[in-house]
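# Coordinate inspection notes
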Amino acid sequence: MVQTTAWVPGTTGPVIGVPAWGGARWGGNGGVDNGRGPYGHTAPPPGVTSGAALGAAYCGVLPVLAAQGRGYGYLTKITKAGTLVDATGANSGTVTVNAATGTVGVTVTRAGAVLQYLDIVGQLSIRARDVTVRYCRIDGRPITGTGKYLVSTQDANPGLVMSYCELLCGQAMSAAFPPYGGYTARYNAVHEVSNDAFKVGRDALVEYNWVYGLRKAPGAHADPVQWTSGDNIGVLFNRLDCFTGAADAPSPEVIDFANGTLQVGTMSGNGSWFLMTDNYCNGANYVIRVGNQSPQNGYTTQHAFWLRNRFGRQFIAGPVYDSIQASADQVFDDTNVWHQSGRTYRRTGNPPVWYYSHVVTAGQPVSDWTPVSMGRYP
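The following paragraphs examine the structure supplied in this document. Since we're looking at a predicted model, the values are computed, not measured.

Conventions used here
Residues numbered from 1 in each chain as written. Predicted model: local features only at pLDDT ≥ 70, side-chain atom pairs only at ≥ 80, totals over all residues. Heavy atoms only, no water. Phe/Tyr/Trp six-rings, centres within 6.5 Å; stacked < 30°, edge-to-face > 60°. Helix = DSSP H or I, 4+ residues; strand = E, 2+ residues; numbered from the N terminus. Buried < 20%, exposed > 50% of the residue type's maximum accessible area, 1.4 Å probe, protein only. Lys NZ or Arg CZ within 6 Å of the ring centre and 35° of its normal. Pairing = 2+ DSSP bridges. Contact = heavy atoms within 4.5 Å.

Under the counting rule described, the total for this entry stands at 16 aromatic pairs. Taken together, a centroid distance of 5.2 Å and an interplanar angle of 85 degrees make the contact between Tyr74 and Tyr117 edge-to-face. You can see Tyr74 sitting in the loop between helix H1 (62-67) and strand E1 (76-77) and its partner Tyr117 sitting in the loop between strand E5 (114-116) and strand E6 (118-126), a full 43 residues away along the chain. Where Tyr117 meets Tyr135, the ring centres are 5.1 Å apart and the plane angle is 40 degrees; that geometry is what we call tilted. In this pair, Tyr117 sits in the loop between E5 and E6 while Tyr135 sits in the loop between strand E7 (132-134) and strand E8 (137-139), placing the two residues 18 residues apart along the sequence. Both residues of the pair, Tyr117 and Tyr135, count as buried. Among the aromatic side chains, those forming a connected cluster through ring pairs are Trp7, Tyr58, Tyr74, Tyr117, Tyr135, Tyr164, Tyr187, Tyr208 and Phe237. Above the plane of the ring of Tyr74 lies Arg70, whose end atom (NZ or CZ) is 3.9 Å from the centre. Over the ring of Tyr72 we find Arg137; its NZ or CZ atom is 4.5 Å from the centre of that ring.

Attention now moves to the pairing of strand E23 (residues 271-277). Counting buried residues in E23 gives 7 out of 7 residues, a clear majority hidden from the surface. As paired strands, strand E20 (residues 230-236) and E23 are joined by 6 bridges and run parallel to one another. Within E23, the position partnered with Asp231 by the bridge is Ser272.

Turning to the environment of Val85, a few remarks are in order. Its place among the elements puts Val85 in strand E2 (residues 82-85). On the accessibility criterion, Val85 (47% relative accessible area) is partly exposed. Taking the C-alpha atoms as reference points, Val85 and Val108, separated by 23 residues in sequence, lie 9.5 Å from one another. Excluding anything up to four places from it in sequence, Val85 contacts Ala90 and Asn91.

Here it is as structure tokens:
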């Protein structure tokens with residue numbers, strides 16, 4: 001049971017070491033075992049044993065504000081162009097205003113800057129190292145165009161830590177986060193996702209976040225988490241809840257089989273040392289899509305582990321698509337279970353391919369399935 005009375009909104013747990021699974025295997029950049037577990041992973045709140053417990057009580061800025069007896073009105077809305085002054089009082093960047101859309105562009109240029117309790121209708125760009133962003137609301141829905149990032153990071157400026165923020169993506173966003181800069185994202189609520197939420201690359205940690213309210217753009221994949229290259233990545237204890245089934249929530253575009261809660265996409269480079277564990281995944285076409293997607297490009301995905309994840313019943317094309325390659329040290333094991341029943345998945349075929357447990361048999365086509373198939377399975 002979630003013990004909210006024992007949890008202080010806005011806090012994070014202590015950094016913990018190598019998770020207790022399959023030995024102390026964990027690597028870092030260059031494919032070398034670093035022996036210390038996922039990048040900066042922290043302990044969950046009391047009583048939280050998987051991402052299924054996450055949601056409105058834990059994620060976003062509202063739990064923090066509610067604990068203080070406040071609401072959105074407490075946030076400082078950025079509306080004027082000029083110098084950005086951070087929470088410490090230091091000049092830390094610039095603010096621009098787009099008169100046509102009424103949105104702002106906030107650019108952080110001071111290393112170690114701290115932004116908190118801000119309401120930003122627009123985009124946030126991180127152009128300095130080790131920036132902290134917490135207790136903010138960033139709304140990209142009024143932004144026009146395509147291919148943009150709500151929170152823009154760069155490899156040259158790693159170390160962003162964003163926590164307890166609410167991110168509303170909108171149709172112009174390629175993703176809430178790009179796969180750059182070695183960022184850490186904790187306890188954020190990410191919704192109105194039309195393309196991707198978290199693109200992960202080198203030295204990325206995504207833990208205790210809630211992704212929901214999928215509003216998939218036509219032809220988009222719209223993945224809560226997408227990995228196409230990079231290593232030393234942890235995706236832990238998230239609630240990846242694309243489609244909740246609520247009357248006011250849009251359903252996925254199930255007819256095009258174009259999204260998964262975790263997508264190993266067409267690789268743009270080698271990928272290694274990836275861990276996805278203790279997440280709750282629901283409401284996507286492919287609930288999770290794993291394996292080496294593009295060996296024809298000469299890239300590899302190795303030392304990749306999918307463990308202790310829990311899966312809901314809203315899907316179309318199955319919990320897992322593509323074969324797991326043991327020769328590449330890829331592991332998807334029986335600790336991955338249906339959330340409702342606790343039953344593990346069943347393997348069929350050679351090499352093994354994972355299908356819905358107790359429902360789909362080898363050779364049965366998935367192209368004949370329809371939206372009414374969602375929610376029927378254990």
